[in-house]
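Structural overview for review
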Amino acid sequence: MTILYNPHTLTGTETLVFDLDDTLYPHGHFLSDERFFEMLSEFGAKQNGLTLTEAHALTAKFLSEGTKDCMKSWQENHTFDIEAFAKHIDSQDISHMQPNEQVKKFLNDWQGRIVVFTNAHTTHAERLLEHLHLREHVEHICDYTTRGGRMKPEFGIYEELMTRINEVPTNCVMFEDKHKNLEPAKTLGMQTIYFWPEEEEYSYVDRWYPDMPTWINNLKITGKTEKAS
Ligand SMILES: [Mg+2]
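These figures come from a predicted structure and were not determined experimentally. (Residues numbered from 1 in each chain as written. Predicted model: local features only at pLDDT ≥ 70, side-chain atom pairs only at ≥ 80, totals over all residues. Heavy atoms only, no water.)

L24, F106, M212 and W215 are the most contacted members of the largest nonpolar core, which totals 48 residues. Counting residues per element, this core draws most heavily on helix 1 (residues 33-48), at four residues. A domain split of this core shows at least three residues from each of domain 1 (15-26 + 99-217) and domain 2 (33-90). Beyond its immediate stretch of four places on either side in the chain, W215 contacts H8, L10, F106, F175, I193, F195 and Y209. Residues V115, F117, Y158 and A185 belong to the second largest nonpolar core, which totals 18 residues. (Core = buried A, V, L, I, M, F, W, Y, C linked by side-chain atoms within 4.5 Å. Buried < 20%, exposed > 50% of the residue type's maximum accessible area, 1.4 Å probe, protein only. Helix = DSSP H or I, 4+ residues; strand = E, 2+ residues; numbered from the N terminus. Domains from an automatic or database assignment. Contact = heavy atoms within 4.5 Å.)

As structure tokens, this is what we get:
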């Protein structure tokens, strides 16, 4: 499956659909999944007068039951102020995260359309894209808040995104660090690219790369980057 050294030409591609976290910046540079769920448990503990051990056990239970949205599981079973938690996430220090010149240049030079499709809330998406100097290159952001709390990989939101931006899936390439989120994209007809530190094969993943700069280094584009040539 590895096509790492078989250059990606992006022929026929009009729109690039990027996940945000761990996709447009290096894996783990903001919050690891582990740290995110720890923070979620700490917040749940505070809101419900529980011990940290009790809160961690609840989060683990929701995850083991296969919840798609752990915040909603907390909210349905106890008290959990999702907006206040979003503000807490927005208060995390990101000063160590540096804009990547190669990623900036690629997004700047791309003559097609660029969309961000994230499970994060609006203010997080805006804050990180600004911080990484990428915001001006993004035409549309589809996020957790504006979708009314619905998350990838829910199939319907992929179709709604295509309608919203007036695009057909076969003109799109989607980029993700969560392989499961690529499955609906592939079903719809998008090309799928998986950024993950180690190579893993999935039927719905067309190409794997460890990160975005490696993908850029292995591109062989014809058209769509006139400013770059
Ligand atoms: Mg991600």
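Applying the stated criterion across every chain, the model contains 17 salt bridges. The salt bridge partner of E167 is R113, with a shortest N-O separation of 4.0 Å. With E167 in the loop between helix 7 (155-165) and strand 4 (172-176) and R113 in strand 2 (residues 113-117), this pair connects stretches of sequence that are 54 residues apart. Close ionic contact of E160 with R150 constitutes a salt bridge, the shortest N to O distance being 2.7 Å. Here E160 is found in helix 7, whereas its partner R150 is found in the loop between strand 3 (140-142) and helix 7, with 10 residues between them in sequence. According to the relative accessible area criterion, E160 is partly exposed, its value standing at 41%. Judged by relative accessible area, R150 falls into the partly exposed class, the value being 26%. (Salt bridge = Lys/Arg side-chain N within 4 Å of Asp/Glu carboxyl O.)

Before going further, it helps to examine the domain arrangement of the protein. The domains assigned to the protein are domain 1 (15-26 + 99-217) and domain 2 (33-90). For domain 1 and domain 2, the distance between their C-alpha centroids amounts to 26 Å. The contact between domain 1 and domain 2 buries some 750 Å² in all, and 48% of this surface belongs to carbon and sulfur atoms. The interface formed by domain 1 and domain 2 includes one salt bridge. Notably, a salt bridge pairs K178 with D33, separated by 3.3 Å at the nearest N-O pair. (Buried area = accessible area lost by both parts, 1.4 Å probe.)

Turning to helix 5 (residues 101-109), a few remarks are in order. Along helix 5, the residues that are buried comprise V103, K104, F106, L107 and D109. Check the buried side of helix 5 and you find it contacts strand 1 (15-18), strand 2 and helix 9 (212-217). Its side-chain oxygen placed 2.8 Å from the backbone nitrogen of Q102, N100 serves as the N-cap of helix 5. (Polar contact = N/O pair within 3.5 Å; in protein donor to acceptor, adjacent residues only side chain to side chain.)

Considering all chains together, one arrives at zero disulfides under this definition. The cysteine C142 is free of any disulfide, with C172 supplying the nearest cysteine sulfur at 12 Å. With a relative accessible area of 8%, C142 lands in the buried category. (Disulfide = S-S within 2.5 Å.)

Tracing the backbone shows E34 in helix 1. Taking the C-alpha atoms as reference points, E34 and N181, separated by 147 residues in sequence, lie 19 Å from one another.

Attention now moves to the environment of F175. Among the secondary structure elements, F175 is positioned in strand 4. You can call F175 buried: its relative accessible area is 0%. The spacing of F175 and Y209 is 34 residues in sequence and 10 Å in space, taken between C-alpha atoms. If sequence neighbours within four positions are ignored, F175 has contacts with L16, V17, F18, D19, T23, I193, F195 and W215.

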